Amino acid sequence: MNYKIKVYKTKSNEWSIKAYASVTFNNSFVVTGITVREGKNNNLFVAMPSYKSSKTDENGNYCNPTTKEFRDELYGNIIDAYMNDKKELEVKGASDKLEFGIALKSFGGENIEALGRIYFDKCFVINNVKVITSEKGSFVAMPSQLVSKENGEKEYEDVCFPITKEFRTELYDAILKENDVMKQKQQEKFQKIDEMDKDNLPFR
């Protein structure tokens, strides 16, 4: 997997956030909102874009590396780009193909049909992916967060998303297909339960 890191240093030296960064995988999918922060003893660390969970009152990541090896590699390269004033750092992997897997679970609330994750090359995960139902049919929504605009208004922006039409079509079609398979399995399960209930009806 190839990826490109872009780093934008902050102007104020008083903030704990020293820079913002984005990572683009195989020129197909971008992750934004990554930060380089200064912790105790002036140690630098990388923080992935996160949200506060209303259930646990803790922060959860919209996306993150899933293996120690790739986490050390990715975070190390982001810190290296920041320390050496590299506005852009490109890393070549073993393959030009961005392989992905999908994990979905049904969600019976509001207009959301399913929640899920996308796994890239078994080493990076995108969380909080949604399949939403509408009058025009089901569609995929990437994780988003509320941001303030220059005019003072607030609106939701995607944290991570496909950047090419080809990959967006490939990825979203695969997610919707997985959602259809999941709904079909649920329907078959409910049908079997109904048949069992009918078979167990008492005779009169």
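Residues numbered from 1 in each chain as written. Predicted model: local features only at pLDDT ≥ 70, side-chain atom pairs only at ≥ 80, totals over all residues. Heavy atoms only, no water.

Participant: What am I meant to see in the overall build of the chain here?
Facilitator: Each helix and strand counted, the chain has two helices and 15 strands in total. Buried residues in the chain amount to 35% of all 204 residues. Long-range contacts, defined here as pairs at least 24 residues apart, represent 45% of the contacts in the chain between residues at least 6 apart. (Helix = DSSP H or I, 4+ residues; strand = E, 2+ residues; numbered from the N terminus. Buried < 20%, exposed > 50% of the residue type's maximum accessible area, 1.4 Å probe, protein only. Contact = heavy atoms within 4.5 Å.)

Participant: Would you mind showing me how to read the nonpolar core here?
Facilitator: One broad rule of soluble globular proteins: the nonpolar side chains tend to lie buried together. Counting 43 residues, the largest nonpolar core has Phe29, Val31, Phe124 and Ile126 as its most contacted members. Listed by contribution, the elements that provide at least two residues to this core are β1 (3-9), β2 (17-25), β3 (29-38), α1 (68-83), β8 (88-91), β10 (112-120), β11 (124-132) and α2 (165-199). Every residue in contact with Val31, bar those within four places of it in the chain, is listed here: Ala21, Ser22, Val23, Phe25, Met48, Pro49, Cys63, Phe124, Ile126, Val159 and Cys160. (Core = buried A, V, L, I, M, F, W, Y, C linked by side-chain atoms within 4.5 Å.)

Participant: I tried to follow the packing of aromatic side chains on my own but got confused; where do I start?
Facilitator: Describing an aromatic ring pair means giving the distance of the ring centres and the angle of the ring planes. Counted by the stated rule, this structure contains nine aromatic pairs. When the ring of Phe70 is compared with that of Phe124, the centres are 6.4 Å apart and the planes differ by 90°; the resulting orientation is edge-to-face. Here Phe70, found in helix α1, pairs with Phe124, found in strand β11; they are 54 residues apart in sequence, far enough to count as distant. Each residue in the set Tyr3, Phe25, Phe29, Phe70, Phe100, Phe120, Phe124 and Phe167 is aromatic and connected to the rest through ring pairs, giving one cluster. Positioned over the ring face of Tyr82 is Lys9, at 4.8 Å from the centre of the ring. (Phe/Tyr/Trp six-rings, centres within 6.5 Å; stacked < 30°, edge-to-face > 60°. Lys NZ or Arg CZ within 6 Å of the ring centre and 35° of its normal.)

Participant: Just to check I follow, could you spell out unusual backbone geometry for this structure?
Facilitator: Here the phi dihedral of Asn27 falls at roughly 55°; this positive angle occurs in a residue that is not glycine. You can see Asn27 is positioned in the loop between β2 and β3. Backbone geometry places Asn128, a non-glycine residue, at a positive phi of 60°. Its location among the elements puts Asn128 in strand β11. Classification of Asn128 as partly exposed rests on a relative accessible area of 25%.

Participant: Just to check I follow, could you spell out the pattern of salt bridges for this structure?
Facilitator: Working definition: two side chains of opposite charge can pair if their charged atoms are close together. Applying the stated criterion across every chain yields a total of eight salt bridges. Between Asp80 and Lys86 there is a salt bridge, with the nearest N and O atoms lying 3.0 Å from each other. For Lys86, a relative accessible area of 31% corresponds to the partly exposed category. Lys92 is paired through a salt bridge with Glu90; the nearest N and O atoms lie 3.7 Å apart. For Glu90, a relative accessible area of 46% translates into the label partly exposed. Among the charged side chains, a network of salt bridges with common partners joins Glu113, Asp180 and Lys183. (Salt bridge = Lys/Arg side-chain N within 4 Å of Asp/Glu carboxyl O.)

Participant: Got a minute to help me understand the side chain of Asn179 in this structure?
Facilitator: Its place among the elements puts Asn179 in helix α2. Residue contacts for Asn179: discarding those within four places in its chain leaves Leu104, Glu113, Ala114 and Val131.

Participant: Help me understand the state of the cysteines, please; the structure alone is not making it clear to me.
Facilitator: Disulfides are covalent bonds that connect the sulfur atoms of two cysteines. Overall, the coordinates contain zero disulfides when judged by the stated rule. Between Cys63, a free cysteine, and Cys160, which holds the nearest cysteine sulfur, the sulfur-to-sulfur gap is 4.6 Å. (Disulfide = S-S within 2.5 Å.)

Participant: What's the story with α1 in this structure? I'm lost.
Facilitator: In an α-helix, one turn spans 3.6 residues, which is why side chains three or four residues apart end up on the same side. Its 16 residues place the ends of α1 22 Å apart at the C-alpha level, agreeing with the 22 Å of an ideal helix rising 1.5 Å per residue. All of the buried residues along α1 are Phe70, Leu74, Tyr75, Asn77, Ile78, Ala81 and Tyr82. Within α1, the buried residues cover an arc of 155° as seen down the axis, which keeps them to one side. With respect to the buried face of α1, the exposed residues turned more than 90 degrees away are Lys68, Glu69 and Met83. Once α1 finishes, Asp85 follows within two positions and takes phi at roughly 55°, a positive value. (Expected span 1.5 Å × (residues − 1). Arc of directions from axis to C-beta.)

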